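Topology and contacts: notes
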Amino acid sequence: MKITLQDDLPIISGLLAGTDEAGRGPLAGNVVAAAVILDPALVIDGLDDSKKLTERKRQLLAEEIKQKALAWSVVSISPQLIDEMNILQASLLAMKSAVDKLATRPDHVFVDGNKTLVDCCCDNTAVIKGDSRVAEISAASILAKVERDAQMVLLHDQYPEYGFDKHKGYPTQLHREILNEIGPCPQHRRSYAPVRAAMINARLNIAR
């Protein structure tokens, strides 16, 4: 197949995949990446940047993507590995791993953002704001977001005092207040400044 894309993006002949991640900004939980190869014969209406969609719309689209895509995969990177290698490298590793995990090997991959993937199984191109420009990246962003949100709801069952079901680990005022009051749980990212500050506050509270 031949795919023609808008603006400055190249024309790709062959199987095209898109990859994106969810969870770079949160203070807790995994960073999750997805990769998707869409079937041009099975159109999916409504694909867009996952952040622009309602939770219900994302869930419905995620199911449709899984049913209609030629191939899809999802990969998670733990908070511990994020702390070890930093969030940028963890996000790139997650996206590369998601592409490598695809049951069908693509001929080219469009990567959301301004960084390409090193040692990827095929050629790849970075696309700034790709989740609203390339359908395959949009689909990947939806799968990644839905999976990560589901993971955070499960974390809420383990650590209900943090309210993960509400803020999904993002640094909201509520999350920061809870962090500063009781300190982080094992799923918090110690390399993030607000978490480090909360650890210090928790120690000071204990010392008092």
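Scroll up to find the structure this text is about.
For clarity, every value in this text was computed on a predicted model and none was experimentally measured.

1. Quick look at the packing of aromatic side chains
In this structure the tally under the stated criterion is 2 aromatic pairs. A network of ring pairs unites the aromatic residues Y159, Y162 and F164 as a single cluster.

2. Let's talk about the packing of helix α1 (residues 55-68) against helix α4 (residues 135-158)
Viewed as axis vectors pointing N to C, α1 and α4 meet at an angle of 120 degrees, and their least axial separation amounts to 9 Å. The two elements α1 and α4 meet at a crossing, and its hand is left-handed. Where α1 abuts α4, its residues R58, Q59, L61, A62, I65 and K66 lie against A139, I142, L143, K145, V146 and D149.

3. Remarks on the pattern of salt bridges
Where charged atoms from two side chains of opposite charge approach closely, those side chains can pair. This model, assessed by the stated rule, comprises 7 salt bridges. Residue D49 pairs with K51 through a salt bridge whose shortest N-O separation is 3.2 Å. On the basis of relative accessibility, which here comes to 8%, the residue D49 falls in the buried class. Accessibility expressed as a relative area gives 64% for K51, which makes it exposed. Between E64 and K68 there is a salt bridge, with its nearest N and O atoms 2.7 Å apart.

Each value, and the rule that gives it
- By convention here, each chain's residues receive numbers from 1 onward along its written sequence.
- Residue-level local features of this predicted model are given only where pLDDT is at least 70; pairs of side-chain atoms are given and counted only at 80 or more, and the full residue set underlies all totals for whole chains, interfaces and linings.
- Values shown for side chains rest on all heavy atoms present in the structure; no hydrogens or waters enter the calculation.
- Under the pairing criterion, centres of Phe, Tyr and Trp rings, with the six-membered ring standing for Trp, must be within 6.5 Å; the plane angle then separates stacked pairs below 30 degrees from edge-to-face pairs above 60, leaving the rest tilted.
- Each axis is a line fitted through C-alpha atoms, and for a helix only the stretch in contact is used; angles between axes span 0 to 180 degrees, taken between their N-to-C directions.
- Each helix corresponds to a stretch of at least 4 residues labelled H or I by DSSP, and each strand to a stretch of at least 2 residues labelled E; elements are numbered beginning at the N terminus.
- For any pair of crossing helices, the crossing counts as left-handed if the nearer helix is rotated counterclockwise from the farther one by less than a right angle, and right-handed if it is rotated clockwise.
- By definition in these notes, contact holds between two residues if any of their heavy atoms fall within 4.5 Å.
- Any Lys or Arg side-chain nitrogen located within 4 Å of an Asp or Glu carboxyl oxygen qualifies as a salt bridge.
- Summary of the burial criterion: residues with accessible area below 20% of their type's maximum are buried, those above 50% are exposed, and those between are partly exposed, where the area comes from a 1.4 Å probe applied to protein chains only.

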